[in-house]
Amino acid sequence: MCDKKDARRHMELAKLQETQGDLHNARKNYLEAASIFVLEAEVNRDDAFLKDANDCYRRSKAVLGESVHQELGKTELAKRTIVELEEFEGDNMCGEHRITTMIELAKRQEKNDPKEAANNYLKAADMLLKESYNDKKREEEYLSVANKIYTRAKELKALQTEGGIDEAGFKQADVVAKKDNKITFADIGGLQELKEEIRFKIIEPFKDPDLFRHYGKNIGGGILMYGPPGCGKSLIAMATANEAHATFFHVKSSDLKSKFVGETEKNIAELFKKAREKQPSIIFFDEFEALGGDRSESHSHERSAVAQLLTEMDGMDSKEQQILLLAATNEPWSIDPALRREGRFGRTLFIPQPDAEARKHIFSLIMSRRPTKEIDYAKLTEATDGFTGADIKAACEMATDIPLRESLKTKKRRKITMDDFNLAISGTRSILTQWYAKAQEQVKKKKLEGSFAELVTAASQMVKIEMIA
Ligand SMILES: Nc1ncnc2c1ncn2[C@@H]1O[C@H](COP(=O)(O)OP(=O)(O)O)[C@@H](O)[C@H]1O
Ligand SMILES: [Mg+2]
């Protein structure tokens, strides 16, 4: 890795760039060299390196005509070079070295300036996370260091404040209840039977749990919606929250996840706490596979999310709490089996692609307030067999853009026509068949045909249609 040889290399390069007039890069390389020399001074306990560091730092300033008079001490020098190197963010030549310098600096600041030390540990932890994404081979190593210094930053912050930790600088998942959502079932095209089903299975039991209990219905636990992407799962969740008059927590599952030990659990616990405070409430885990992925297939540091979810769910007493859990996924086969048990996400709802009636409905929903001329919705419906709701939306946008673009040029306004739609539709490729092929393969491989029967039926129909076509 980086050592004094690298520092010299950066210095030589900088000199060359300086003579060539490439002052921007010359400055960068001088700074890079300076930060490495500071670290060498520390590691080798040899202040001779500090002289080199100071020389480089001075050159970095001089190339831009800035003057520096005084000799800087190790800490001061390291701090300044880091700050200035950060201005070159993006062209990170020796990332790891900068991180180690930052950590060294923080260590030194612990005694005199613990607040700054904590901030620098957090910065370094963040940089390490980025490195861990870039270098899969060393991911574990980077994460382990990142976690160590993250924990240290926390300890330092805890020391500074009595009682609660000063949260500034720590990543917190954004768990706020959404208020601006006005989507209702009327905004969802077709899926009539499904809407009835949702009313019966989700909304009514939520509104009147006693009635359902009277008939011996088990109403605890969550509901897992699954199906191809772009067919209205998220839309349905939003509408459900409105119809049930509940506080709605819309969480993108990946946002709850943190690579730092303990943070994911904390985020999940916080979410449930807020939901309890604001009940009746609905928590919707969108893209659930990111959080509830099968533990046997995920990284050790990711498994804790499932464990925490199970803890929260098992601790929920449905008699006292009015919290409904909804989850949606395009990859039901990768959800951890423990989460699919009775009382957890035991109830499932398959959300298929829109049938003819639904497609017609979606078209008219989207186009109702746009200027159109002689649109044959029956033809459009027929031409979009095998499209998802999102595909239809995309086709509508594309068709609308054609006269809109023309108007910008010609300054004349013409209506949207069938020709525009024909162009748009022929330019839209649905991912539906691909998704079903993958779904079929995965469900079979994991022997989940019993759990996702509706998917299997829909997939085999899809394949049949493909063969005839
Ligand atoms: N049944 C539907 N009715 C109306 N619009 C739909 C429908 N299904 C999908 N859409 C459109 O596609 C977009 C994506 O749908 P979304 O609910 O996010 O799909 P999913 O969550 O299943 O991936 C929606 O914002 C909407 O514009
Ligand atoms: Mg969605």
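K.L.:
Got a minute to help me understand the nonpolar core in this structure?
P.N.:
For soluble globular proteins, the rule of thumb is that nonpolar side chains tend to be buried together. In terms of nonpolar packing, the biggest core is built from 46 residues, with Tyr30, Phe37, Cys56, Tyr57, Leu77, Tyr121 and Ile149 touching the most fellow members. Listed by contribution, the elements that provide at least two residues to this core are helix 1 (4–20), helix 2 (23–43), helix 3 (48–62), helix 4 (74–86), helix 5 (95–112), helix 6 (114–134) and helix 7 (139–160). Once you skip the residues sitting within four places of it in the chain, Phe37 turns out to touch Ala7, Arg8, Met11, Phe49, Asp52, Ala53 and Cys56.

K.L.:
How do you make sense of the site of ligand 1 when you look at a structure like this?
P.N.:
In the region of ligand 1, 15 residues are neighbours, and Gly189, Gly230, Lys233, Ser234 and Lys393 sit closest. Here Lys233 contributes a side-chain N or O atom positioned 2.9 Å from an oxygen atom of ligand 1. Side-chain polar atom of Ser234 to an oxygen atom of ligand 1: 2.8 Å apart, as the coordinates give it. If you list the elements that add at least two residues to the shell around ligand 1, you get helix 10 (233–243) and helix 17 (389–410). Residues from two domains meet in the shell around ligand 1; each of domain 2 (185–350) and domain 3 (356–426) gives at least three.

K.L.:
Help me understand unusual backbone geometry, please; the structure alone is not making it clear to me.
P.N.:
Cis rather than trans, the peptide bond between Gln279 and Pro280 has omega equal to 5 degrees. Mapped onto the elements of the fold, Pro280 is located in the loop between helix 12 (263–277) and strand 3 (281–286). Of note in the backbone geometry, Lys411 takes a positive phi value of approximately 65 degrees without being a glycine. Structurally, the position occupied by Lys411 is in the loop between helix 17 and helix 18 (418–426). For Lys411, a relative accessible area of 68% gives the class exposed. Despite not being glycine, Lys447 shows a phi value in the positive range, around 55 degrees.

K.L.:
Explain the side chain of Glu312 to me, please; I cannot follow it from the model alone.
P.N.:
Examined against the element boundaries, Glu312 turns out to sit in helix 14 (residues 303–314). Taking the relative accessible area as the measure of exposure, Glu312 reaches 11% and is therefore buried. The contact partners of Glu312, leaving out residues within four places of it in the chain, are Ile268, Ala269, Phe272 and Arg276.

K.L.:
Can you help me understand helix 10 in this one?
P.N.:
Residue pairs spaced three or four apart in an α-helix point in one direction, given the helix's 3.6 residues per turn. Counting buried positions along helix 10 yields 8 of 11 residues, so the element is predominantly enclosed. Three or more residues of helix 10 are buried, namely Lys233, Ile236, Ala237, Met238, Ala239, Thr240, Ala241 and Glu243. In the stretch just after helix 10, His245 is the one whose phi turns positive, near 50 degrees.

K.L.:
Just checking my understanding: could you explain the packing of helix 2 against helix 3 for this structure?
P.N.:
Where helix 2 contacts helix 3, the two axes come as close as 8 Å, and the packing angle between them is 160 degrees. Accordingly, the angle class assigned to the pair helix 2 and helix 3 is roughly antiparallel. Once helix 2 is placed against helix 3, the crossing between them reads as left-handed. Contacts between helix 2 and helix 3 involve Arg27, Tyr30, Leu31, Ala33, Ala34, Phe37, Val38, Glu40 and Ala41 from the former and Phe49, Leu50, Asp52, Ala53, Cys56, Tyr57, Arg59 and Ser60 from the latter. When its residues are assigned to classes, the contact of helix 2 with helix 3 shows 12 nonpolar, 1 polar and 4 charged.

K.L.:
I would appreciate a short explanation of the pairing of strand 3 in the present structure.
P.N.:
Regular strands have side chains that alternate between both faces of the sheet. With 6 of 6 residues buried, strand 3 is to be regarded as a mostly interior element. Of the two faces of strand 3, the one holding Ser281, Ile283 and Phe285 and the one holding Ile282, Phe284 and Asp286 are both buried throughout. Relative to strand 3, strand 2 (residues 247–252) runs parallel, the two sharing 6 bridges. Directly across from Phe249, in strand 3, lies its bridge partner Ile283. Here strand 3 pairs with strand 4 (residues 323–329) via 5 bridges, running parallel. In the sheet register, Ile282 faces strand 4, and the bridge partner there is Leu324.

Cut-offs used in this document
Residues numbered from 1 in each chain as written. Chains lettered and ligands numbered in written order. Predicted model: local features only at pLDDT ≥ 70, side-chain atom pairs only at ≥ 80, totals over all residues. Heavy atoms only, no water. Core = buried A, V, L, I, M, F, W, Y, C linked by side-chain atoms within 4.5 Å. Buried < 20%, exposed > 50% of the residue type's maximum accessible area, 1.4 Å probe, protein only. Helix = DSSP H or I, 4+ residues; strand = E, 2+ residues; numbered from the N terminus. Contact = heavy atoms within 4.5 Å. Near = heavy atom within 4 Å. Polar contact = N/O pair within 3.5 Å; in protein donor to acceptor, adjacent residues only side chain to side chain. Domains from an automatic or database assignment. Axes fitted to C-alpha atoms, helices over the stretch in contact; angles between N-to-C directions. Parallel < 35°, antiparallel > 145°, perpendicular 65-115°, else oblique. Left-handed = near helix turned anticlockwise from the far one by under 90°. Nonpolar A, V, L, I, M, F, W, Y, C, P; charged D, E, K, R; others polar. Pairing = 2+ DSSP bridges.

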